[in-house]
Amino acid sequence: MNLDPRLKLILMLLYTAAFFSPVGVLRYALLLLPLMIAGFTICRPKEFLGVFKLILPILLLTAIITPFFSGILETVRIMLRFIGITAVFFLFFKTTDSDEFIQTLRFFGMPYRMALIISISTSYIPLLLDTYRDTESAHKLRYTVSTPAPSRWNVIARFCSMLPVLASVLIQAIKSIPILAMALEIRGVGKAKPTVFRPIQCKTPLHKQFLLYFLPITVIILIIVFLF
Amino acid sequence: MTSELSVKNLSFQYPSYPGLESQILFTDLSFDIEKGSMAVFLALPGAGKTTLSRILTSLVPAYTGGQLSGEIHLEGNTGIVFQNPDEQLFCSTAEKEVVFPLEAAGLSREEIGRRTDMAFQKTGIEYLRFKKPLHLSGGEKRRLLISVLCATDPAVWILDETLEEIDIIGRKEILTFLKESGKTILIFTAKMLDIYKSYADTFFIYGDSTLKQFKDGWSQEFDKAVKDGGFSLEGRMPDAAEIAELESKTFQNTLLNLDNICFSYPDSDFSLSINKFSLTQGKATAVIGTNGCGKSTLSRIIAGLLVPKSGTIMLNGEKASPDTLNRNCSYLFQNPDYQLFLPTARAELEYGLKLQKLPQEQIDTKVNKAIALFGIKHPDAPPVLMSYGQRKKLQAAVYWLLEKKIVIIDEADSGISSKEYRQIIDAFKASEANPAILVITHDIQLAALVSDNIFRMGRL
């Protein structure tokens, strides 16, 4: 299903709001269910699960600390909230490219430059992930046969071995700021009123998408949050 | 003929940083480029080619700081392809890269469509149109950026070391297209590729603050200046029989063997299939092939960074795990920044040795030797402020110190001169570790010069 990005954006915000609503664990799980189905349908399982691997430290920290202050149920609720919001944002950006995102933001009245900044910032997240993976690969090669490997179970040593990678990624990210500005300038950003080559196009007309997908999903979310 | 680009008395100096005293890059630099001509500007790495290319596109000193004086007269605007294409690509598909500046210029949808079709057609990369720029090979990324120039159609096209990583067929296609476009082209390079002789009208050789101009293409005097300046490889181009002999050469007692390797990337139609491939200790193998044929993928499999779907990798007669391959392979990446993170070049060199827990005295001796051998000019400067070529040399020095069994040099000649590139390969050859060396290149002359055998991939 190629849902219109404008509808997807509203759904994303609605879902995010729902995950902040003061409802119980069961309702959070119900909200999460369609996201999981969508995630495993759209992506390879490894890719989808890999997203949650990234927030694993936050989840572990929550699982360790929160029960002492707020109890088990609240801990599960917070963890489901993290998982839910991550899934919502991942699915939105997985299925919406930067060009569609700019057009969506501009449709809702955002100025071109602001939309461009937000779009580039969000598209830099996967780019940074790729940079992280490449950098991690490069750092692996600085070990030799005589370099002692950090123990698999020594969390501190493993964390310390990540620091060089993070430092390299940070340096590259900072270095890329003026270079990206140069790249944008030589592409003529800000010199004229921009046009759109490929406006948002979906096979199913917008009104049909609204009735077939947007409205039922919205109603389901509202029912889960406010009813029974 | 009238001048499209005229530079008069240009002087420039970057700001100084702690540990890196800035030097004057240009003093009273003057030159003219005629309208519709193709000029090749030869200068050694670190001489300021990238800086000059960015001064001509008004990016330096606006984004970098520095003192600039002199005059630049331009009939129209300039467009540029950066030395490192990754710095210039930020859209989700190749088509959007081309379309982006046209949209930003406020062109109509019809005009954008016409120009985009024309750009992809003329640069011969229609097949890449809906691919992600991040997934393209180095050469393909450069071709994509040339199609951006083609679509935006600036008066002066500036190519900063663009053709080095494009395969031989691609170079010819692109230079033919550039020549026929009738545009004013300025190519910055550290290597005098033979193919330039057939296309360029003017050559500039810059070194020691002096600019020499050679009009009307090739001449004996120019040839001598190229050789003296270290802009070309010594030796002659090998003939077909010599290449065939190198391709058929095999060695006994191989160190690494790949058998029936199959690999494919998720979300990509690219797949790699290698029946047999081997590396031998103390021997250099060159891998040649067109852009996008999988040379870098093969290297990453050998280094244990990618795991093939099927097939076996044997190291020293034993099945090798990715971790074993990681620890036995050095890999000079196209992008040296992946590995650099410490505050000084010296600290970078020491890092791998410290991980091996060697005594400091031994580390100092080895590091000083590496600094001298690889010509690291500012060992106490932050690597992040060093030139691209210096960072590449630093990366090579880091691996040289690790003394691994296999060294992979993946098109690492961008940003360094032919002479320096050979010096790097020779340094690894002379290393005490006596490694098996894998050189990935488009340059048949280089392949024949430095390697003991050649492995060919894809069409050439």
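Residues numbered from 1 in each chain as written. Chains lettered and ligands numbered in written order. Predicted model: local features only at pLDDT ≥ 70, side-chain atom pairs only at ≥ 80, totals over all residues.

Enquirer: Sorry if this is basic, but what is going on with the interface of chain A and chain B here?
Expert: How large an interface is tends to be reported as the accessible area lost when its parts come together. Across the boundary between the two partners, chain A contributes 44 residues, which contact 46 residues of chain B. Mapped by element, the contributors of at least two residues to the side of chain A that touches chain B are helix H5 (98–107), helix H6 (112–140) and helix H7 (155–186) of chain A. Per-class residue counts for the side of chain A that touches chain B are 20 nonpolar, 12 polar and 12 charged. (Contact = placed C-beta atoms within 7 Å. Helix = DSSP H or I, 4+ residues; strand = E, 2+ residues; numbered from the N terminus. Nonpolar A, V, L, I, M, F, W, Y, C, P; charged D, E, K, R; others polar.)

Enquirer: Would you mind going over the pairing of strand S10 (residues 256–264) of chain B with me for this structure?
Expert: Note on strand geometry: in a regular strand, side chains alternate between the two faces of the sheet. All names here are of chain B. Examined bridge by bridge, S10 and strand S11 (residues 271–279) share 8 bridges and lie antiparallel to one another. Bridge assignment links Asn257 to a residue of S11, and that residue is Ser278. Note: S10 against strand S13 (residues 310–315), 5 bridges, orientation antiparallel. Opposite Cys262, over in S13, you have Ser310 as the bridge partner. (Pairing = 2+ DSSP bridges.)

Enquirer: I tried to follow the domain arrangement of chain B on my own but got confused; where do I start?
Expert: Residue and element names in this part refer to chain B. Split by domain assignment, chain B resolves into domain 1 (3–229) and domain 2 (240–457). Between domain 1 and domain 2, the residue contacts involve 23 residues of the former and 25 residues of the latter. Contributing elements (two or more residues each) for the side of domain 1 that touches domain 2: helix H4 (138–152) and helix H5 (168–181). When grouped by side-chain class, the residues that make up the side of domain 1 that touches domain 2 number 8 nonpolar, 8 polar and 7 charged. (Domains from an automatic or database assignment.)

Enquirer: Before we go on, may I ask you to explain the packing of helix H12 (residues 360–374) of chain B against helix H13 (residues 388–402) of chain B in this structure?
Expert: When two helices pack together, their arrangement is captured by the angle between the axes and the distance separating the axes. Residue and element names in this part refer to chain B. Look at H12 against H13: their axes get within 10 Å of each other, and the N-to-C directions meet at 140 degrees. Here H13 runs oblique to H12, going by the angle between their axes. In this structure, H12 meets H13 at a crossing whose hand is right-handed. Between H12 and H13, the residues in contact are Lys366, Ala370 and Phe374 and Lys393, Ala396, Ala397, Trp400 and Leu401, respectively. Per-class residue counts for the contact of H12 with H13 are 6 nonpolar, no polar and 2 charged. (Axes fitted to C-alpha atoms, helices over the stretch in contact; angles between N-to-C directions. Parallel < 35°, antiparallel > 145°, perpendicular 65-115°, else oblique. Left-handed = near helix turned anticlockwise from the far one by under 90°.)

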